[in-house]
Amino acid sequence: MDGWGYVLLAYGIVWTALAIYWLNLRKRRSRAEAKLAEIESTGRAVTHG
Amino acid sequence: MTVTEPKRRRGILGLLALVFILAGLYFGLVKAPPDAYQGDVQRIMYLHIPSILTAYLSFFIVFVGSCLYLWKRERRDDILARSAAEIGVLFTALTIVEGSIWGRPTWGVWWTWDARLTLTAVLLMIFAGYLMLRSLIEDEERGAVAGAILGIIGFLDIPLIHMSVYWWRTLHQPPSILRPDKAPWENIHPAMLIALAVNFIAFLLLYFYLLSLRMRVGESEAKVQRAILEGAA
């Protein structure tokens, strides 16, 4: 592999890993917020019921 | 639906990070000249140096968050420490991968048990252990205290990593830019220094964006847990 091959390998791994982590964080946030909204709506339903 | 102020600030930070990442790619891959000795492989340094400095910053935040948690017992400090530990582990792992890819054509090996490399691997193990510990202890309070103690001890590895190139005869070179005898612009080509600075700013902006997002995840998860506990009581 020539110099550019190593450079592209390093840049490819770094930016792919960071993009995957970012997407994963967004997914975790959506999941947690959806669960929280579900609990809050259930709580309200119980309170008003 | 209205956009909340923290969400808007996070969006601006993310956008700024993206602009600097693209600028960093341009300066690092196009504008900066190849190194006289290493050739194009040296361009990996525009990722490697910002990655490890960001990881150090992240573990410093773990250290501060852990100290504050042990002192005040506020949940927010623990969320800060835990979030910073997770991102710090990612940046440390990336630093090792980048260093390994750079080392193969430059040193002739993917890995060597050099003092700085070994201590960086130890740092990664300590904080990977921190994350495992946090996920294994179910009691949040106990987990937070154990994590805070490990976070403080783990941070002490960083001065050792920094000084290792002076204390031992290592394959890893001492600092090339931040040297006591010369100003940074006297050590490397200005175009290389600009590429490094732009990439460092990009990593810092990305880091604070990810930290803000990770803390939001932690806060939401904590609220869910509290609501479940209150419901069970």
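Summarised in this report is the structure supplied together with it. These figures come from a predicted structure and were not determined experimentally.

Calculation criteria
Residues numbered from 1 in each chain as written. Chains lettered and ligands numbered in written order. Predicted model: local features only at pLDDT ≥ 70, side-chain atom pairs only at ≥ 80, totals over all residues. Heavy atoms only, no water. Helix = DSSP H or I, 4+ residues; strand = E, 2+ residues; numbered from the N terminus. Buried < 20%, exposed > 50% of the residue type's maximum accessible area, 1.4 Å probe, protein only. Contact = heavy atoms within 4.5 Å. Areas by Shrake-Rupley, 256 points an atom, 1.4 Å probe, with all protein chains shown as cover. Expected span 1.5 Å × (residues − 1). 1 Å grid on protein atoms, 1.4 Å probe; cavity = no way out; pocket = protein on both sides within 12 Å on 5 of 7 lines; lining within 4 Å. Points joined across faces, edges and corners; volume = space filled by probe spheres on them. Buried area = accessible area lost by both parts, 1.4 Å probe. Salt bridge = Lys/Arg side-chain N within 4 Å of Asp/Glu carboxyl O. Polar contact = N/O pair within 3.5 Å; in protein donor to acceptor, adjacent residues only side chain to side chain. Nonpolar A, V, L, I, M, F, W, Y, C, P; charged D, E, K, R; others polar. Phe/Tyr/Trp six-rings, centres within 6.5 Å; stacked < 30°, edge-to-face > 60°. Lys NZ or Arg CZ within 6 Å of the ring centre and 35° of its normal.

**Quick word on the overall build of chain B**
A count of helical and extended segments in chain B gives eight helices and zero strands. Split into buried and exposed, the 233 residues of chain B put 43% on the buried side. By sequence separation, contacts in chain B at least 24 residues apart represent 75% of the contacts at least 6 residues apart. Of the roughly 12,100 Å² of accessible surface on chain B, 68% is carried by carbon and sulfur atoms.

**Description of helix α2 (residues 45-72) of chain B**
The first and last C-alpha atoms of α2 of chain B sit 40 Å apart over 28 residues, in line with the 40 Å expected at 1.5 Å per residue. Directly after α2 of chain B, the chain includes Arg73 of chain B, whose backbone phi takes a positive value near 60°.

**Some remarks on the layout of surface pockets**
All names here are of chain B. The space that makes up the largest pocket amounts to roughly 1,200 Å³. Around the largest pocket sit 44 residues that line it, and Met45, Ile49, His172, Pro175 and Ser176 are the ones nearest its centre. Contributions of two or more residues to the lining of the largest pocket are made by α2, α3 (75-107), α4 (115-136), α6 (157-167), α7 (184-187) and α8 (190-232). For the lining of the largest pocket, the element with the most residues is α2, which contributes eight residues.

**Overview of the interface of chain A and chain B**
Listed as interface residues are 23 residues of chain A and, on the opposing side, 36 residues of chain B. Of the roughly 2,900 Å² buried at the junction of chain A and chain B (both faces included), carbon and sulfur atoms supply 80%. Sorting the residues of chain A by area buried against chain B places Tyr6, Tyr11 and Trp15 of chain A first, and these three jointly supply 23% of that buried surface. At the junction of chain A and chain B, the tally comes to two salt bridges. The closest approach of N and O atoms between Glu86 of chain B and Arg28 of chain A, which form a salt bridge, is 3.0 Å. Taken together, the connections running from chain A to chain B amount to six residue pairs in polar contact (both at pLDDT 80 or more). Grouping the constituent residues of the side of chain A that touches chain B by class yields 17 nonpolar, one polar and five charged.

**Quick word on the packing of aromatic side chains**
In this structure the tally under the stated criterion is 14 aromatic pairs over all chains. Ring geometry for Tyr26 of chain B against Phe27 of chain B: centres 5.5 Å apart, planes inclined by 70°, an arrangement best described as edge-to-face. By relative accessible area, which is 40% here, Tyr26 of chain B ends up partly exposed. Summarising the aromatic geometry, the rings of Tyr207 of chain B and Phe208 of chain B are spaced 5.2 Å apart at their centres and angled 70° between planes, so their arrangement reads as edge-to-face. A residue is classified by how much of its surface remains accessible, and Tyr207 of chain B, at 0% relative accessible area, is buried. By relative accessible area, Phe208 of chain B is classed as partly exposed at 36%. Members of the aromatic cluster, connected to one another through ring pairs, are Trp15 of chain A together with Phe91, Phe203, Tyr207 and Phe208 of chain B. Seen from the ring of Trp71 of chain B, Lys72 of chain B lies directly overhead, with NZ or CZ sitting 5.0 Å from the centre.

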